[in-house]
Amino acid sequence: MIDREARATTRIVVEDFLFDRITAFQFSERLPAIAAATPDATVRFVAGALGDIYDDWDDHLIAVDKRTWNTVQQVPLH
C-alpha cells in the first residue's frame, strides 16, 4: 500500500537531516516513528536502510561521505 503522506513526511525528515535542519538524535527519533505508523513497505525499507547513517552516541549534524550522500539523495519517496 502506498502511503503518500508517510512518504512525504519521510522525505522531509531525510532532507532536514541532509541539510542540517535537524540533528542525528532528532533524525533517529522521527524516522522510525514514521515507519512504525505506516504499512507502506517503501517507507519502512527506507527507515531501515537509513538507520545506519547516524551515530547513536553523539548528537551531530550529518557527517557522511560523498557516496553515501549521493545514495541518500536518490531515496525512492517521490
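Residues numbered from 1 in each chain as written. Predicted model: local features only at pLDDT ≥ 70, side-chain atom pairs only at ≥ 80, totals over all residues. Heavy atoms only, no water.

S.K.: Can you help me understand the packing of helix α1 (residues 4-18) against helix α3 (residues 41-49) in this one?
M.R.: What describes two packed helices is the angle between their axes and the distance between those same axes. Contact geometry for α1 and α3: axes closest at 9 Å, N-to-C directions at 20°. Considering their axes alone, α1 and α3 lie roughly parallel with respect to each other. Crossing of α1 over α3 shows left-handed handedness. Taken together, the residues of α3 that come into contact with α1 (itself represented by Ala6, Arg7 and Thr10) are Thr42, Val43 and Val46. (Axes fitted to C-alpha atoms, helices over the stretch in contact; angles between N-to-C directions. Helix = DSSP H or I, 4+ residues; strand = E, 2+ residues; numbered from the N terminus. Parallel < 35°, antiparallel > 145°, perpendicular 65-115°, else oblique. Left-handed = near helix turned anticlockwise from the far one by under 90°. Contact = heavy atoms within 4.5 Å.)

S.K.: For this particular structure, what's the right way to read the environment of Leu18?
M.R.: With respect to the secondary-structure elements, Leu18 resides in helix α1. Sequence-wise, Leu18 and Thr68 are 50 residues apart; in three dimensions their C-alpha atoms are separated by 11 Å. For Leu18, the contacting residues outside a window of four places in its chain are Ile62, Trp69, Val72 and Gln73.

S.K.: Looking at this model, I keep getting lost on the nonpolar core. Mind explaining?
M.R.: Considering soluble globular proteins, one finds that nonpolar side chains tend to be buried as a cluster. Formed by 19 residues in total, the largest nonpolar core has its most connected members in Phe17, Phe27, Leu50 and Val72. At the level of secondary structure, the elements contributing two or more residues to this core comprise α1, α2 (24-36) and α3. (Core = buried A, V, L, I, M, F, W, Y, C linked by side-chain atoms within 4.5 Å. Buried < 20%, exposed > 50% of the residue type's maximum accessible area, 1.4 Å probe, protein only.)

S.K.: Teacher, can you tell me more about the side chain of Thr38 here?
M.R.: Looking at where Thr38 falls in the secondary structure, it is placed in the loop between α2 and α3. Apart from residues no more than four positions distant in its own chain, Thr38 is found in contact with Asp3, Ala6, Val43 and Arg44.

S.K.: Could you clarify how one ought to interpret α1 in this entry?
M.R.: An α-helical turn contains 3.6 residues, so any two residues separated by three or four positions project in the same direction. For α1, spanning 15 residues, the distance from its first C-alpha to its last is 21 Å, which sits close to the expected 21 Å at 1.5 Å a residue. For α1, the full list of buried residues reads Ala6, Arg7, Thr10, Val13, Val14, Asp16, Phe17 and Leu18. Tucked inside the fold, the buried residues of α1 contact α2, α3 and α4 (66-73). Taken from the residues just after α1, Asp20 is the one with a positive phi, measuring 60°. (Expected span 1.5 Å × (residues − 1).)

S.K.: So what exactly am I meant to see when it comes to the pattern of salt bridges here?
M.R.: Under the defined criterion, the tally for this structure stands at two salt bridges. Linking Arg7 and Asp40 is a salt bridge whose minimum nitrogen-to-oxygen distance equals 2.8 Å. Here Arg7 is found in helix α1, whereas its partner Asp40 is found in the loop between α2 and α3, with 33 residues between them in sequence. Among the salt bridges present, the one from Asp16 reaches Arg21, with a minimum N-O distance of 2.8 Å. By relative accessible area, which is 52% here, Arg21 ends up exposed. (Salt bridge = Lys/Arg side-chain N within 4 Å of Asp/Glu carboxyl O.)

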